[in-house]
Structures are given as structure tokens and as C-alpha cells.
Amino acid sequence: MAFRSRREKLRSILSGGTCVHPGSVYDAISIRIAEDLGFPLGMFGGSVASLAVLGDPDVTLITLTELAEQMRRMSRASALPVLVDADHGYGNALNVCRTVQELETAGAAGLTIEDTLLPAAFGETKTQLISVEEGIGKMKAALGGRSDPSLVIIGRTGAAAITSIDDAIRRARAYEATGVDALFFTGIKSRAELEAIASATRLPIVLGGASEELNALDYLTSQRVRIALQGHTPIAAATQAVYETQKALREGMSPKSLKGLASSELMARVMRESDVKTRSADLLGPKK
């Protein structure tokens, strides 16, 4: 299978003895930069997907088709393994099965399915969770939806920030029992909370949105955390750079006077220019 090696790399990270930071990726350029810098994997978050594809906030407006197509573009551009935030699976358990099939075909190395109630319920202002029973059904559907057993399925819960750490542990243990490959937690605020989770579960842990207290890789490694997200600052930095450049040009600055632009060498690497030139020379018969 064409994407098997990428999925095996992600599995190796999860089964390894150290915690790593993924690169935040969202399009062909960002994933090539992450690969060029030596990140071991990329994280394609739901919020950056919504921003990159729609220019909208993270309120579950992006569709599965749009998410999968963006993943497909990144798979074509780079061999870097990508873990995809598949949110709630875009519906009920049957939709989760379809989500897994689409993202597997698009080349994802792994994906997360969470137990947040999405989209937001009518009349509610606070984030809510689905029942544990429905969450279990979604995890089972995700596992049943994959045809490549090397595709990584990760059960995710945000209960620590919504209900309690005890509820997060209860949910994690229930999802662990379904056979998922790892557990993803958001909203963990302290070492005591992480240690309680690590002692109550046995699977590799993925940590998102952690506090400053949870930044030391050695400590995270000791608590079985294998992937620790650092947020999605690259797309914010890119947005600011585009804004400043457009603003300067609109105000009359000469393009040659602009600062902070990528060098021609970096642009050539990102575009794989040397590969294109080689193929052109081999296949198009340019005149000498």
C-alpha cells in the first residue's frame, strides 16, 4: 500500500521511548517546510483546516470532503506522516466510518475522533460532550472503517476541561477498551492531572493544548506522552506576514524594498524545482 510506510512511522513514534513535537501543517507549502526542517510528523488540526480552506473559525463548518481533499493535496506534496484532527467524525457513528475511509484513501497516517458534541447544540453556550456510550460506538466505528490495519486511530476526549479529570479518565478507559491505538487529551492543566491519567491507562498518550507546566519533553516522556502539540502558530505567523506584505504594497512600497521574504533557494526547495527541471529535461526534450 502506497501510504503504509507513513503509517508505520507514526506507529513507531507512538511505540517509541520519547515524546516529540509535530509540525503544524495545513497545505502543500507548510507540509514541505515541516519536512524540510526535520519534523517527524505533521498535525493537521481542525481549526487550521477551517482557516486554510474556508477562512472561517473553528465552528465545524468545514465538510469531510473539503478536509479529505486538503489532506490529499498534502499527501501528494510530501511523504511526511500526518495525524488528522477528524473532530467528531462529521456526524454519528456511521459518518465516522465514512470519515475514516475517506481520510485513509487521502493518505492520512492517523486520525483522531473526539467525544465533543459537534456542531454546537441549539441554545447552548458551553461546550458539551456526547455520552460515553455514543463515544464508544464512534471508536468502534472508526476501527471498523479502516481497511489498512496500519492506519492509526486515536480516541480523543476533552472532558478534563468540560466536566472533570475523573470523567476524562473514565472515558479514556472506555475508549481504550475498544482497541484504539492511542489516547488524545485536551484541557490537561497540571502534572498531577497528567500523572493520574497515565497511571489509569496503558496506551500511548497524545497531549494537546497543555499548560506551560507541561512543556518538558523528558517529563512528558516519563508519563507515556509520545506526541505533544504546540498549537498552530505557523498559520498565524503566515497570516501576519501576508497582511504586512499586502499592506506595504497597498501603501506604495516597491516590491524590491520588501523585507522578510523567502530566499530564492528556500522557494526552490519548497517547490521541488530541481526535481521538476530533471523531469523536464528527461521528458520534454528541451532544445540545447
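This text follows the structure it describes.
Rules used throughout
- The residue numbering used here restarts from 1 in each chain and proceeds along that chain's sequence as written.
- Per-residue local features are limited, in this predicted model, to residues with pLDDT of at least 70; the limit for side-chain atom pairs, both in listing and counting, is 80 or more; totals at the level of whole chains, interfaces and linings are taken over all residues.
- Excluding hydrogens and water, the side-chain figures rest on all heavy atoms present in the structure.
- Each patch is built from residues lacking any salt bridge and having more than 30% relative accessible area; the joining distance is 9 Å for like charges and 5 Å for nonpolar side chains (Val, Leu, Ile, Met, Phe, Trp, Tyr).
- Reported accessibility uses the Shrake-Rupley method at a 1.4 Å probe radius. Residues are deemed covered only where the shown protein chains occlude them.
- Salt bridges, as used here, are contacts in which a Lys or Arg side-chain nitrogen is within 4 Å of a carboxyl oxygen on Asp or Glu.
- Secondary structure follows DSSP: runs of H or I at least 4 residues long count as helices, runs of E at least 2 residues long count as strands, and numbering of each begins at the N terminus.
- Expected helix span is taken as 1.5 Å per residue step, with the number of steps being one fewer than the number of residues.
- Partly exposed describes any residue whose relative accessible area lies between the buried limit of under 20% and the exposed limit of over 50%, with all areas from a 1.4 Å probe on protein chains only and scaled to the type maximum.
- Contacts: residue pairs with any heavy atoms within 4.5 Å of one another.
- Polar contact criterion, stated in full: a pair of N or O atoms within 3.5 Å, where within protein one must be able to donate a hydrogen and the other to accept it, and residues adjacent in sequence count only if both atoms are side-chain atoms.
- Think of it this way: DSSP has to see at least two bridges between two strands before they count as a pair.
- Helix axes use the C-alpha atoms of the stretch in contact, all axes being lines fitted to C-alpha atoms, and the angles between their N-to-C directions lie in the range 0 to 180 degrees.
- Handedness rule for crossovers: strands pointing away from the viewer, path from the first strand over the helix to the second running clockwise, crossover right-handed.
- An angle below 35 degrees is treated as roughly parallel, one above 145 as roughly antiparallel, one from 65 to 115 as roughly perpendicular, and anything else as oblique.
- Should the near helix be turned anticlockwise from the far one by less than a right angle, the crossing is termed left-handed; should it be turned clockwise, right-handed.
- Note that Gly is not counted as nonpolar here; it falls among the polar residues with everything else outside the nonpolar set of Ala, Val, Leu, Ile, Met, Phe, Trp, Tyr, Cys and Pro and the charged set of Asp, Glu, Lys and Arg.

**Student:** How would you sum up a nonpolar patch on the surface? Please name residues and give values.
**Tutor:** The grouping of Ile29, Ile33 and Leu37 at the surface amounts to a nonpolar patch, some 280 Å² of accessible area in total. With respect to the helices, strands and loops of the structure, Leu37 is situated in helix H2 (residues 28–37).

**Student:** Describe helix H4 (residues 64–77), naming the residues involved and giving the relevant values.
**Tutor:** Taking 1.5 Å of rise per residue, the 14 residues of H4 would be expected to cover 20 Å, and the 20 Å separating its terminal C-alpha atoms lies within 8% of that figure. Of the positions making up H4, those classed as buried are Leu64, Leu67, Ala68, Gln70, Met71, Met74, Ser75 and Ala77. In this fold, the buried residues of H4 make contact with helix H1 (4–15), H2, strand S2 (42–44), helix H3 (46–54), strand S3 (82–85) and helix H5 (93–105).

**Student:** Quick one: what's the story with the side chain of Asp115, residue by residue and with numbers?
**Tutor:** Relative to the elements of secondary structure, Asp115 occurs in the loop between strand S4 (110–114) and helix H6 (132–145). Asp115 gets classed as buried once you look at its relative accessible area, which sits at 0%. A polar atom in the side chain of Asp115 sits 2.8 Å from the side chain of Tyr175. Setting aside chain neighbours within four positions, we find Asp115 in contact with Gln128, Leu129, Ile130, Arg156, Thr157, Gly158, Arg171 and Tyr175.

**Student:** Outline the pattern of salt bridges, supporting the account with residue identities and numerical values.
**Tutor:** Counted according to the given criterion, the structure contains 15 salt bridges. Measuring nitrogen to oxygen at the nearest pair gives 3.7 Å for the salt bridge that ties Arg156 to Glu114. Here Glu114 lies in strand S4 and Arg156 lies in strand S5 (residues 152–157), a separation of 42 residues in the sequence. When sorted by exposure, Arg156 lands in the same class as Glu114, which is buried. With a closest N to O distance of 3.3 Å, Asp115 and Arg171 form a salt bridge. One end of the pair, Asp115, is in the loop between S4 and H6; the other, Arg171, is in helix H8 (residues 165–176), and 56 residues separate them in sequence. Taken together, the shared-partner salt bridges connect Asp115, Asp167, Arg170 and Arg171 into one network.

**Student:** Account for the sheet that holds S2, naming residues and giving values.
**Tutor:** Judged by pairing direction, the sheet is parallel, and its eight strands sit side by side in the order S1-S2-S3-S4-S5-S6-S7-S8 without closing on themselves. Every other strand in the sheet has two partners, leaving strand S1 (23–24) and strand S8 (225–228) as the edge strands with one partner each. When S3 meets S4, the two strands line up parallel, connected through three bridges. Of the residues in S4, the one forming a bridge with Val84 is Leu111. Taken strand by strand, H8 contacts S5 and strand S6 (182–186), and its axis lies near 160° from that of S6.

**Student:** Kindly report on the pairing of S4, identifying the contributing residues and their values.
**Tutor:** In terms of burial, S4 is a largely internal element, five of the five residues being buried. Residue alternation in S4 divides its side chains into two sets, Gly110, Thr112 and Glu114 and Leu111 and Ile113, and both sets are buried. For the crossover that starts at S3, traverses H5 and ends in the parallel S4, the hand is right-handed.

**Student:** Please give an account of the packing of H8 against helix H9 (residues 191–200) that cites residues and values.
**Tutor:** Running from N to C, H8 and H9 cross one another at 25°; their axes reach a closest spacing of 10 Å. Comparing their axes, H9 and H8 come out roughly parallel. Helix-helix and strand crossings are classified by hand; for H8 and H9 the assignment is right-handed. Contacts between H8 and H9 involve Ile165, Ile169 and Arg173 on the former and, on the latter, Glu193, Ala196, Ile197 and Ala200. Here the contact of H8 with H9 is built from residues that sort into five nonpolar, no polar and two charged.

**Student:** Give me the lowdown on the packing of H6 against H8, citing residues and values where you can.
**Tutor:** Where H6 meets H8, the closest approach of the two axes is 9 Å, and the angle between their N-to-C directions is 35°. Seen along the crossing, H6 lies across H8 with a hand that is right-handed. Here Val132, Gly135, Ile136 and Met139 of H6 lie close against H8, whose contacting residues are Arg170, Arg171, Ala174 and Tyr175. Grouping the amino acids of the contact of H6 with H8 by side-chain chemistry returns five nonpolar, one polar and two charged.

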